[in-house]
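# Structural characterization, general
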Amino acid sequence: MNKLIGVTRNFCSSSTRNAIKTVTVVGGGLMGSGIAQVAAQAGQNVTIVDLQPEILDKAQKSIQNNLVRVGKKLYKDDASKVEAFVKDSFDRIKVATKVEDAVNADLIIEAIVEKLDVKQELFNKLDQLAPGHTILATNTSSISVNEIAAGIKRKDRYGGLHFFNPVPVMRLLEVIKGEQMSEETYQAMLAWGASIGKTCITCKDTPGFVVNRLLGPYSAEAIRLYERGDASAQDIDIAMKLGAGYPMGPLELSDYTGLDTKKFVLGTIYKKTSNPVFRPIPLLDKLVEEGKLGRKTGEGFYKY
Ligand code: CAA
Ligand code: NAD
């Protein structure tokens, strides 16, 4: 199976040709850097904005390394083609520390910290500063897409574009229809998804959308199983890899996503739905309080 299908084949169904040629990604962390990479390798001009210059340096390094992986997969032993692919894609990426310097784009995707008030402030600013035609999108995991855009005027040119980690590898893009999204914006989002090689699905603005609504109970029950001492972390992960065909076990995947993100996503869906499967898990709370957030801090359910 071609895991890097993103670069070679298109699956989103849309009658519209992609008109989005310039993309700004606000937030240069784990997700923002991946989104910037896939847009650049699809031939689009990209600007990454992050408040922290060191995050921008880190994003550029990781994009360069990941482009080499993609290039080697595409061009195998042809070193000069790999080099040209990496250079061309990388040269399309600029960086900025101020959003004011990056608003001239056809599409602006927000991938900053998962906090409603911070996202709202950013969208209000983008709405004021960006050209009229610019489409705005959020990559939120679990916050209501409509609540994030409560203060913006261009609600017809706004919605959710929810990517999955690692962005260059995961083939899905959830397109979340904002309350007042126009058909034109919806088609433009589908066409853009196709242009970067993702398979799009559409979902209403419902807590967790499709993937996190279903992944949440699965990972929550896995953490509770471990918390009760019913099985070791390793055995739970081996069980789901070998018994159910998942590429990673649920605890490994929670460490990979980040335990803070996991806790936040479960908590947000619980607040909105009151479904007890999403209720707080003392072990998860404890690990987050101790700063054991998974791979990014060197320890979560496992040590790295
Ligand atoms: N960029 C480009 N290519 C990459 C990459 C990256 N960042 N990371 C991995 N790859 C490529 C590798 O080059 C490799 O390619 P080949 O198969 O051609 O060699 C392939 O992907 C597999 O990588 P690895 O061999 O390093 O590792 P692996 O086989 O263990 O796979 C994995 C790693 C792709 C992450 C796999 O374990 C997996 O799919 N895990 C599940 C991930 C998942 O479920 N993500 C969704 C999380 S939920 C979410 O994101 C939503 C949210 O809101 C929280
Ligand atoms: P991250 O912490 O790796 O990156 C967030 C970045 O945003 C940081 O580098 C931070 O400096 C920057 N930032 C914060 N406020 C900013 C602002 N006002 N302007 C510019 N930059 C700002 O986080 P992440 O894991 O990349 O998540 C980003 C978003 O994507 C969140 O909404 C998250 O819920 C969502 N998401 C995460 C995952 C995942 O698996 N981690 C998957 C899908 C969606």
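Heads up: the structure comes first, above all this text.
Below is a summary of the structure that appears in this document. (Residues numbered from 1 in each chain as written. Chains lettered and ligands numbered in written order. Predicted model: local features only at pLDDT ≥ 70, side-chain atom pairs only at ≥ 80, totals over all residues. Heavy atoms only, no water.)

## Re the nonpolar core
Definition in use: Take the buried Ala, Val, Leu, Ile, Met, Phe, Trp, Tyr and Cys residues and link them wherever side-chain atoms come within 4.5 Å; each set so joined is a nonpolar core. Think of it in three bands: with a 1.4 Å probe and only protein chains considered, a residue is buried below 20% of the maximum accessible area for its type, exposed above 50%, and partly exposed in between. In DSSP terms, a helix is any run of H or I states spanning at least four residues, a strand is any run of E spanning at least two, and both are numbered starting from the N terminus. Two residues qualify as a contact provided that any one of their heavy atoms is within 4.5 Å of a heavy atom in the partner residue.
Judged by nonpolar contacts, the single largest core of 38 residues is most densely connected at V23, I35, L107, I109, L161, F163 and W192. Top contributing element to this core by residue count: helix 2 (residues 30-41), with 6 residues. Beyond its immediate stretch of four places on either side in the chain, L161 contacts L107, I109, A137, T138, N139, L173, E174, V175, M189 and W192. By size, the runner-up hydrophobic cluster in this structure holds 22 residues, among which are A105, L122, L136 and I152.

## Concerning the pattern of salt bridges
Heads up, the condition is: Just to be clear on terms, a salt bridge is a Lys or Arg side-chain nitrogen sitting within 4 Å of an Asp or Glu carboxyl oxygen.
This structure, assessed with the given rule, holds 16 salt bridges. Residue D285 is joined to K263 by a salt bridge in which the shortest nitrogen-to-oxygen separation is 3.1 Å. Here K263 lies in helix 11 (residues 259-273) and D285 lies in helix 12 (residues 282-289), a separation of 22 residues in the sequence. Relative accessible area serves as the criterion here: at 35%, K263 is assigned to the partly exposed category. Ionic pairing is found between K292 and E290, a salt bridge with its closest N-O pair at 3.2 Å.

## What to know about the site of ligand 2
The condition that has to hold: Any residue with a heavy atom lying within 4 Å of a molecule or strand is counted as near it. Whenever two N or O atoms come within 3.5 Å, that pair is a polar contact, provided that in protein one can donate a hydrogen and the other can accept it, and provided that, for residues adjacent in sequence, both atoms are side-chain atoms. For this classification, Asp, Glu, Lys and Arg are treated as charged, while Ala, Val, Leu, Ile, Met, Phe, Trp, Tyr, Cys and Pro are nonpolar and the rest, including Gly, are polar.
Around ligand 2, a shell composed of 20 residues is seen, among which M31, D50, E114, K119 and S141 lie nearest. Contacts to ligand 2 include Q52, whose side-chain N or O atom sits 3.1 Å from an oxygen atom. I112 places a polar main-chain atom, nitrogen or oxygen, 3.2 Å from an oxygen atom of ligand 2. Grouping the constituent residues of the shell around ligand 2 by class yields 8 nonpolar, 9 polar and 3 charged.

## Structural notes on the pairing of strand 7 (residues 172-177)
Spelled out, the test is: Strands are labelled as partners when DSSP assigns at least two bridges between them.
Of the strand pairs in this sheet, strand 6 (residues 158-162) and strand 7 are connected by 4 bridges, and their pairing is antiparallel. If you follow H162 over to strand 7, its bridge partner there is E174. Examined bridge by bridge, strand 7 and strand 8 (residues 199-203) share 5 bridges and lie parallel to one another. In the strand pairing of strand 8, V175 is matched with T202.

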